[in-house]
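Secondary and tertiary structure notes
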Amino acid sequence: MTEILNSISRCIEYGKIDRACPYPPDMKGQDGADELTKLAIESGVTPDQILEIALIPAMAIVGDKFSRKEIYVPQMLMSAKSMNSAMKHIKPFFQSGETKRKGKLIIGTVAGDLHDIGKNLVAMMIEGGGWEVLDLGVDVGTDKFLKALEENPGAAIGLSALLTTTMVNMKEMVKIIKDKYTDNKILIGGAPVTMEYCQEIGADFYSPDPQGAVNYLNQQIQ
Ligand code: B1M
């Protein structure tokens, strides 16, 4: 069992999606996260074991390497895609209730803003960290977040903004959400966002990168 879990970990860390994927070159022709996860489940390894021993730790390594600038966006995207190819075999067990997630994050790019590359990476890393993610997409106004919160009580909120002109929308959004849902955590991020701005608008946390967001959410359940 250890051997197959280590192989899955390696695929996630280095971004090997499936056998057909030519990346990374030194793993060309080998099984990827897709085939190995399927095989692990067929061999009796539980989805929890795959998640806890292989996927989550591997994604944490990827996130830390990205934070330290040892890898860049393309490598992280390949890792996130490998993680998705493994998750497709695990997801049916979440739906049946056999495997539990740590909690839920509702994420979106704020009103007026169409940038979603960074937000998608954050969403994928958080999902890879064992959380359920509800992605509302781009140009998301306060009403949509409020509706999602109504339907998903207790969920954390993630706001992303890439423009200085849309970042300012976060202030009102945070105020309205906090007025109604005082205890729900709001984390914010995106290139122009800073910790000072986070404190100024009363959001709970700012992270410059996906792993910081994962770590913050994990702290909330300890
Ligand atoms: Co636009 N754009 N863009 N753009 N664009 C920027 C952001 C800009 C800096 C380029 C520039 O002028 N140098 C500039 C903003 C200037 C400013 O506001 N000060 C800009 C502009 C002006 C515009 C338009 C207004 C251009 C125009 O039409 N005149 C327009 C606005 C459209 C709109 O949103 N209403 C526009 C449009 C576009 C495209 C559609 C063409 C495209 C977006 C495609 C897409 O996202 N699907 C685009 C792109 C690609 C960029 C750049 C080149 C790259 C952004 C990106 O994806 N970065 C960008 C310039 C640049 O950054 N070099 C630029 C990679 C991504 C991984 O990083 O999103 O920062 P990032 O996410 C990071 C972190 O910030 C963090 O984690 C991620 C991974 O590390 N993070 C979070 C992000 N969200 C987080 C949430 C968290 C935690 C961390 O918690 C919830």
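Look up: the structure comes first, before these words.
All right, on to the overall build of the protein chain then. A count of helices and strands for the protein chain gives ten helices and five strands. Radius of gyration (C-alpha) of the protein chain: 18 Å, near the 17 Å computed for a compact globule of 222 residues. For the C-alpha atoms alone, the extent of the protein chain along its principal axes is close to 50 × 35 × 25 Å. When the accessible surface of the protein chain is summed, it comes to about 10600 Å², and 54% of that surface belongs to carbon and sulfur atoms.

Moving on, we come to the environment of L149. Its location among the elements puts L149 in helix α6 (residues 142–151). Relative accessible area serves as the criterion here: at 0%, L149 is assigned to the buried category. Between the C-alpha atoms of L149 and I53, which are 96 residues apart in sequence, the distance is 31 Å. When residues no more than four places from it in sequence are discounted, the contact partners of L149 are I106, A155, I157, I177, Y181 and N184.

Another point: the nonpolar core. Of all hydrophobic cores here, the largest spans 42 residues; its most connected members are I8, I12, I50, L55, L105, I126 and L217. Considering every element that reaches this core, the biggest residue donor is helix α3 (residues 47–67), with nine residues. With residues up to four places along the chain from it excluded, the contact list for L105 reads I126, E132, V133, L134, A156, I157, G158, L187 and L217. I157, L159, M170 and I201 belong to the second-largest nonpolar core, a separate cluster that totals 26 residues.

So, about the site of the ligand. Around the ligand lies a shell of 26 residues, among which L114, H115, D116, S160 and T164 are the nearest. A191 places a main-chain nitrogen or oxygen 3.3 Å from an oxygen atom of the ligand. Within the residue set of the shell around the ligand, elements represented by two or more residues are α5 (117–128), β3 (156–160) and β4 (186–189). Looking at the shell around the ligand, its residues break down into 14 nonpolar, nine polar and three charged.

Our focus in this paragraph is unusual backbone geometry. A cis geometry characterises the amide bond from Y23 onward to P24, with omega recorded as -10 degrees. Tracing the chain through its elements places P24 in the loop between α1 (2–14) and α2 (33–42). We note that K69 has phi near 60 degrees; this positive angle belongs to a residue other than glycine. In this structure, K69 sits in the loop between α3 and α4 (73–96). Located in the positive-phi region is D139, a residue other than glycine, with phi close to 55 degrees. With respect to the element layout, D139 can be found in the loop between β2 (132–135) and α6.

Within the structure shown, the criterion is met by twelve salt bridges. For the salt bridge of K65 with E13, the shortest nitrogen-to-oxygen distance reads 2.9 Å. Here the residue K65 occupies a position in helix α3, and E13 occupies one in helix α1, the gap between them amounting to 52 residues. Among the residues examined, K65 registers a relative accessible area of 16% and is labelled buried. Among the ionic pairs, R101 bridges to E127, the shortest N-O distance being 3.5 Å. Here R101, found in the loop between α4 and β1 (104–109), pairs with E127, found in helix α5; they are 26 residues apart in sequence, far enough to count as distant. Look at R101 and you get partly exposed, because its relative accessible area is 23%. You can call E127 buried: its relative accessible area is 12%.

Calculation criteria
Residues numbered from 1 in each chain as written. Predicted model: local features only at pLDDT ≥ 70, side-chain atom pairs only at ≥ 80, totals over all residues. Heavy atoms only, no water. Helix = DSSP H or I, 4+ residues; strand = E, 2+ residues; numbered from the N terminus. Rg over C-alpha atoms; globule rule 2.2 N^0.38 Å. Areas by Shrake-Rupley, 256 points an atom, 1.4 Å probe, with all protein chains shown as cover. Buried < 20%, exposed > 50% of the residue type's maximum accessible area, 1.4 Å probe, protein only. Contact = heavy atoms within 4.5 Å. Core = buried A, V, L, I, M, F, W, Y, C linked by side-chain atoms within 4.5 Å. Near = heavy atom within 4 Å. Polar contact = N/O pair within 3.5 Å; in protein donor to acceptor, adjacent residues only side chain to side chain. Nonpolar A, V, L, I, M, F, W, Y, C, P; charged D, E, K, R; others polar. Salt bridge = Lys/Arg side-chain N within 4 Å of Asp/Glu carboxyl O.

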